[in-house]
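Reading the structure
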Amino acid sequence: MTDPVYRTILLFDIEQYGSRDDVEQAFLRRVLYDVVDTTLLDAAVDETARLRADRGDSVMELIDTAVPVPALIKTLLTETPALLHNKNRLLATSARMRLRIVLSSGYVAVDELDGWVGSDLNHAVRLLNSDPLRDALKQRESDCVLCVSEGIYQGVVRHGPLGVRPEEFHRVTVGTKEGPTVAWVHGEAGNSTPNPPEAPSDAEGPDAPASRRSDVQIYGDQYGQAGGTLHGGQHFDFTGRARDERR
């Protein structure tokens, strides 16, 4: 196994890939490769400065640290969504592709089977498959969503480099096998479930505030009931009919 080397880690994953048939999956993989290659080309990432691993429904890229991370983030926020939109607008709904994207960094080694090894890589994969990131993509109409690690946010995003606005990211906590970890997702946080309306109190009476009190006048015979006023409950006067009968 090679010695671990510090790299920028970039991951792409196709939403609902397993629900597609073989023909659709093959097509989506070609589209994914095109989007990833064009994204990295726009970010001025030379082919010699990147190493790719294919995982079927996802692609992992190890990028040389000489590539500026701010430029990479800006490209992921602007060019990648535009690329996906231009491709999806020409496709049937069943063939459209939506992506979860994670940008992280850390030490990664390559073993004798050309496999990638490293806890930092495992951490990035945990973010890619996390519920907060999946939910973020489901809750928006855009074709992709970007998540950055705590290290990328604190080291780059929060300083607001040109084309990157830190206020557009929100903090999430991701539960992993190693314990909870913090990450940052681009875009607004999902709406929380509103609290149910407060049930009216049974103790309301004539002295209840006007905003919570209803007055209903009832006139004429209503199956033997006549007259009366409703103040949050039914109060009828039956003495009138009895007085008439005694007359």
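Cut-offs applied
- Residues numbered from 1 in each chain as written.
- Predicted model: local features only at pLDDT ≥ 70, side-chain atom pairs only at ≥ 80, totals over all residues.
- Heavy atoms only, no water.
- Helix = DSSP H or I, 4+ residues; strand = E, 2+ residues; numbered from the N terminus.
- Buried < 20%, exposed > 50% of the residue type's maximum accessible area, 1.4 Å probe, protein only.
- Contact = heavy atoms within 4.5 Å.
- Areas by Shrake-Rupley, 256 points an atom, 1.4 Å probe, with all protein chains shown as cover.
- Polar contact = N/O pair within 3.5 Å; in protein donor to acceptor, adjacent residues only side chain to side chain.
- Arc of directions from axis to C-beta.
- Pairing = 2+ DSSP bridges.
- Expected span 1.5 Å × (residues − 1).

Details of the overall build of the chain
The number of helices and strands found in the chain is 6 helices and 11 strands. Within the chain, the fraction of its 247 residues that count as buried is 39%. Once local pairs closer than 6 in sequence are excluded, the contacts in the chain between residues at least 24 apart make up 64%. Approximately 14900 Å² of the chain is accessible, and the part contributed by carbon and sulfur atoms is 50%.

Structural notes on the side chain of R100
Relative to the helices and strands, R100 resides in strand 4 (residues 99–110). Residue classification places R100 among the buried positions, given a relative accessible area of 3%. Among the polar contacts listed, one links the side chain of R100 to the side chain of D13, at a separation of 2.8 Å. A distance of 2.9 Å separates the side chain of R100 from the backbone oxygen of L128, its partner in a polar contact. Sequence-distant contacts of R100, defined by excluding residues within four places in its chain, comprise L11, F12, D13, E15, L128, N129, L133, R134, L137 and V145.

Some details on helix 3 (residues 119–128)
The set of residues buried in helix 3 consists of L121, A124, L127 and L128. End-on view of helix 3: buried residues confined to an arc of 115°, all on one side of the axis.

Observations concerning the pairing of strand 7 (residues 169–176)
Direction of pairing for strand 7 relative to strand 8 (residues 179–186): antiparallel, over a ladder of 8 bridges. Pairing of T176 across the sheet is with G179, part of strand 8. Counted between consecutive antiparallel strands, the loop separating strand 7 from strand 8 contains 2 residues.

Quick look at helix 1 (residues 22–42)
Between its first and last C-alpha, helix 1 extends 30 Å over 21 residues, near the 30 Å set by a 1.5 Å rise per residue. Considered for burial, the residues of helix 1 that qualify are Q25, L28, V31, L32, V35, V36, T39 and L40. Down the axis, helix 1 shows its buried residues gathered within 160° of arc, on one side only. Residues of helix 1 that are exposed and point more than 90 degrees away from the buried face comprise V23, R30 and L41. Buried residues belonging to helix 1 abut strand 1 (5–14), strand 2 (50–54), strand 3 (58–63), helix 2 (69–88) and strand 4. The N-capping residue of helix 1, defined by a side-chain oxygen 3.1 Å from the backbone nitrogen of V23, is D21. A44 sits one or two positions beyond helix 1 and adopts a positive phi of about 65°.

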